[in-house]
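This is what each chain is made of:
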Number of protein chains: 2
Amino acid sequence: MDKENSLGIVKTLHVTFKDEFFLESGRMLSPVTIAYETYGTLNSDKSNAILVCHALTGSAHAAGYSSNDENSKGWWNEMIGPNKPIDTNKYFVVCSNILGSCYGSTGPSSIDPYTGSRYALKFPVVTIRDMVKAQKKLLDYLGIEKLFCVAGGSLGGMQALEWSITYPEIVENSIIISAAGRITPMAMAFNTVGRYAIIKDPNWQEGNYYDKTAPKDGLAIARMAGHITYLSDASFNSKFGRRLGHQDSIFDFSSSFEVENYLRYNGYKFTERFDANSYLYLLKAMDIFDLSYGYGSYSEALKRLKANSLFIDFTTDFLFPAYQMDEMCDIMKTYGNKVERVTIDSDYGHDAFLLEFDDLSAVTFSFLEKAWRKKNV
Amino acid sequence: MDKENSLGIVKTLHVTFKDEFFLESGRMLSPVTIAYETYGTLNSDKSNAILVCHALTGSAHAAGYSSNDENSKGWWNEMIGPNKPIDTNKYFVVCSNILGSCYGSTGPSSIDPYTGSRYALKFPVVTIRDMVKAQKKLLDYLGIEKLFCVAGGSLGGMQALEWSITYPEIVENSIIISAAGRITPMAMAFNTVGRYAIIKDPNWQEGNYYDKTAPKDGLAIARMAGHITYLSDASFNSKFGRRLGHQDSIFDFSSSFEVENYLRYNGYKFTERFDANSYLYLLKAMDIFDLSYGYGSYSEALKRLKANSLFIDFTTDFLFPAYQMDEMCDIMKTYGNKVERVTIDSDYGHDAFLLEFDDLSAVTFSFLEKAWRKKNV
């Protein structure tokens, strides 16, 4: 554990809301537990809160080292901490596990109080707007009325967008990374492959596998399909090339190339940490997310975004193509909204927001610093 | 059945070679049956033969309407026939089913004469070079000593390339479409997803499913993953957009978007016509294909290509990125090889060679016509 400029050991906290939580679908979920972590100190006028939103399979553990496993480093540890771009000496940072996930917040693997068993497919479909509304409850509970900033990449960026249009009066600044107001049909196609891999695994059992064998093969294959979208042609070339696995012969039916071994290893490793039903519900949330929902049009939705915003994308991200961010920025400019757009050159593809820290840190630091100074003149 | 400019009803023929056929791996396969179709007439000096090579899941039925099912149109019917770009009034066209496939040529679903049962995984790994050598046996049998042209797209283009470097003295002209001398690691990643989907389907049974239930779910999911690579972001957008399936509600767990319904429908439809083991063997052949094998380097292999060659690619094909064709053409130009390179603007992605017939026809016709005139002055 390298704790230099680190938050050191951090602890995931939980809060349970017992009142009725109405979902976008009209269905009700109760109770709702939210797992969260906070770093730094909320200042006296509660003006320094930054909400960080995690991606598809992330957790509330965004920074520092986990109290459960001190080798477990937060997923954005390079970005959050003392003297880091999201500086915990200055800001109070909150990150919560999204609704529907399996890292402590209520999801399909939680106990349904009406049956005493796990929800499984009785869990209602949740949307990104629902996730954001659950985060709002958490902020209310923490006494935070304004967000100096909301930030996230990928599904986290979609949450940051949704925050900015659902609560324009709360969000002062937003950092939206590698995201869009709706995913492309091609991205949905990858989710389709993942979905079928899981639901056609005989162990899935219509979602009722909790006391039995989990659908590990299906979930691993789903992850492999997802993994392709996190990389890029360039990163596949530089990471693996066409190298054959150690001691394999190309003429063996069972031989495999390094790229195959990597996908398999990571696919199965993922099954040790993630719940297949949660994965299905989160893919669904991603598929059905459309910023325009309830506002008539994409343009009308984006008109609501009043925050000073930074949009960041990476050149080789094909999961969220550049034209999607162009479209959003173009729309917002027509409304006179201040939008800063930065495209970072990277071979890492969609995963770049978790890897390309030199550029991402510089851009994020400078954006926050400027906004902070402006706010505190 | 629209028979205008069509070959009308055509018949798939079969020839079985009983001598020993040695594979690139050193293993021996015998007998080897090749299914093939021919269109047009071989001229008296046998100088008008064109070999057309099919893609991954294609068959010998390249043109006309099948005698088994007169609604079954050949996969390149728009390109081959009287007065079509590959003009059967002028040329003698041969197309054969590749070794390892399941459309009449010997493959894993064929009977192993040593056991009397289907080969299944006892079938040897076959390479694209093996497929080409089997085609060479067919041409010998048909009395064809020279190929006026070899042409194909995707895996067919890889065969055309392999033909041109393995038999430079036989191939006079070659048309290589949407192909490369080796696939990218990203393409291998898609194959990996497909492979795991099949081999983790409990019905696969280590390949011994022939008298039982076929691994349809696995094969369908594999096809869905493959299907993504045949399209492009642009074609996904224009074909499906984000339209929800008929009467579906976005808040239903089981609801699906049109893109999902399309992939599922085509995935399962594919299982009615293709053998899962053949699919695995052909993915393997695609993965391990490397033009340089046995020649020391990619450059040395391409140096052998003496045919007058036309390389065609399409702007949105991400399965065979343009830089791969650039690389081949650049190498061949350094050797002073005549290479014609045409990039066709299309939104159809990799599938464009089966769809973008206006441009493809014009380019192919003009290339063949020029070569034919030059040959017959």
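Residues numbered from 1 in each chain as written. Chains lettered and ligands numbered in written order. Predicted model: local features only at pLDDT ≥ 70, side-chain atom pairs only at ≥ 80, totals over all residues. Heavy atoms only, no water.

## Examining a negative patch on the surface
Put simply, the rule is: Here, patches come from residues exposed beyond 30% relative accessible area and free of salt bridges, joined within 9 Å for like charges and within 5 Å for nonpolar side chains (Val, Leu, Ile, Met, Phe, Trp, Tyr). Each accessible area is a Shrake-Rupley estimate made with a 1.4 Å probe; only the visible protein chains count as cover when residues are assessed. What counts as a salt bridge is simple: a side-chain nitrogen of Lys or Arg found within 4 Å of a carboxyl oxygen of Asp or Glu. We treat Lys and Arg as the positive residues and Asp and Glu as the negative residues; His and chain ends play no part in the count. In plain terms, the charge of a residue is placed at NZ if it is Lys, CZ if Arg, CG if Asp and CD if Glu. In DSSP terms, a helix is any run of H or I states spanning at least four residues, a strand is any run of E spanning at least two, and both are numbered starting from the N terminus.
Residues D345(A), D347(A), D358(A) and D359(A) make up a contiguous surface patch of negative charge. Mapping D359(A) onto the fold places it in helix 10 (residues 357-375).

## Some thoughts on empty space enclosed by the protein
We count it as follows: Method remark: on a 1 Å grid restricted to protein atoms, a set of points is classed as a cavity if a 1.4 Å probe fits but cannot get out and as a pocket if it is open with protein on both sides within 12 Å along at least five of seven lines; lining residues have an atom within 4 Å of a point. Grid points are joined across faces, edges and corners, and a volume is the space filled by probe spheres set on the points.
This structure, assessed with the given rule, holds two cavities of 30 Å³ or more. Considered as a void within the structure, the largest cavity measures approximately 90 Å³ in volume. Forming the walls of the largest cavity are I250(A), F251(A), E24(B), T127(B), I128(B), R129(B), E162(B), I288(B), F289(B), D290(B) and Y293(B). Its boundaries defined by the atoms lining it, the second largest cavity holds a volume of some 70 Å³. Lining the second largest cavity, in full, are E24(A), T127(A), I128(A), R129(A), E162(A), I288(A), F289(A), D290(A), Y293(A), I250(B) and F251(B).

## Some points on the domain arrangement of chain A
Residues and elements named next belong to chain A. The condition is simple: Domain segmentation is taken from an automatic or database assignment of domains. What makes two residues a contact is simply this: any of their non-hydrogen atoms within 4.5 Å. Take the accessible area each of two parts loses on contact, using a 1.4 Å probe, and add the two losses: that sum is the buried area. Residue classes follow a fixed rule: Ala, Val, Leu, Ile, Met, Phe, Trp, Tyr, Cys and Pro count as nonpolar, while Asp, Glu, Lys and Arg count as charged, and any other residue, Gly among them, counts as polar.
What the domain assignment lists for chain A is domain 1 (9-183 + 290-375) and domain 2 (187-284). Taking only C-alpha atoms, the centre of domain 1 and the centre of domain 2 are 26 Å apart. Across the boundary between the two partners, domain 1 contributes 27 residues, which contact 28 residues of domain 2. Overall, the association of domain 1 and domain 2 removes approximately 2,400 Å² of surface from exposure, summing both partners, and the carbon and sulfur fraction of that is 68%. Taken together, the links from domain 1 to domain 2 amount to zero salt bridges. Residue composition of the side of domain 1 that touches domain 2, by class: 16 nonpolar, seven polar and four charged.

## Concerning the interface of chain B and chain A
The criterion, for reference: Under this definition, polar contacts are N or O atom pairs within 3.5 Å; protein pairs additionally need one hydrogen-donor-capable and one acceptor-capable atom, and for neighbouring residues in sequence, both atoms have to be side-chain atoms.
Counting residues at the interface gives 55 residues for chain B, matched by 55 residues for chain A. Around 4,900 Å² of area is buried between chain B and chain A when both sides are counted, 71% of it from carbon and sulfur atoms. Of all residues in chain B, the largest losses of buried area upon contact with chain A belong to R242(B), F251(B) and F253(B), amounting jointly to 18% of the total for that side. For the pair chain B and chain A, the number of links is 20 residue pairs in polar contact (both at pLDDT 80 or more). Those elements that place two or more of their residues in the side of chain B that touches chain A are helix 3 (185-199), helix 4 (216-230), helix 5 (233-239), helix 6 (258-271) and helix 7 (276-288) of chain B. Classifying every residue of the side of chain B that touches chain A gives 33 nonpolar, nine polar and 13 charged.

## Observations regarding the relation of the copies chain B and chain A
We apply this condition: Our superposition of the copies is a least-squares fit, built on the C-alpha atoms of residues whose pLDDT is at least 70 in both.
Least-squares fitting of chain B to chain A yields an RMSD of 0.0 Å, with the transformation described by 0.0 Å of translation along the axis and a rotation of 180°. Overall, the copies show the geometry of a two-fold rotation axis. Mapped onto chain A, 100% of the interface residues of chain B are again interface residues, and the two copies thus contact each other with one and the same surface.

## Observations concerning helix 9 (residues 322-334) of chain A
Residues and elements named next belong to chain A. Under the convention used in this document: In this scheme, a helix's expected span is set at 1.5 Å multiplied by one less than its residue total. Note on exposure labels: buried denotes an accessible area under 20% of the residue type's maximum, exposed denotes more than 50%, and partly exposed covers the range between, all computed with a 1.4 Å probe on protein chains only. In this context, the arc is that of the directions from the helix axis out to the C-beta atoms.
Between the first and last C-alpha of helix 9 there are 19 Å, a value that for 13 residues agrees with the 18 Å anticipated at 1.5 Å per step. Turning to helix 9, its buried residues number three or more, namely Q324, M325, M328, C329, I331 and M332. Within helix 9, the buried residues cover an arc of 160° as seen down the axis, which keeps them to one side. Packed against the buried residues of helix 9 are helix 2 (155-166), strand 12 (173-177), helix 8 (298-303), strand 13 (308-314) and strand 14 (339-344). Looking one or two residues beyond helix 9, the residue adopting positive phi is G336, at roughly 75°.

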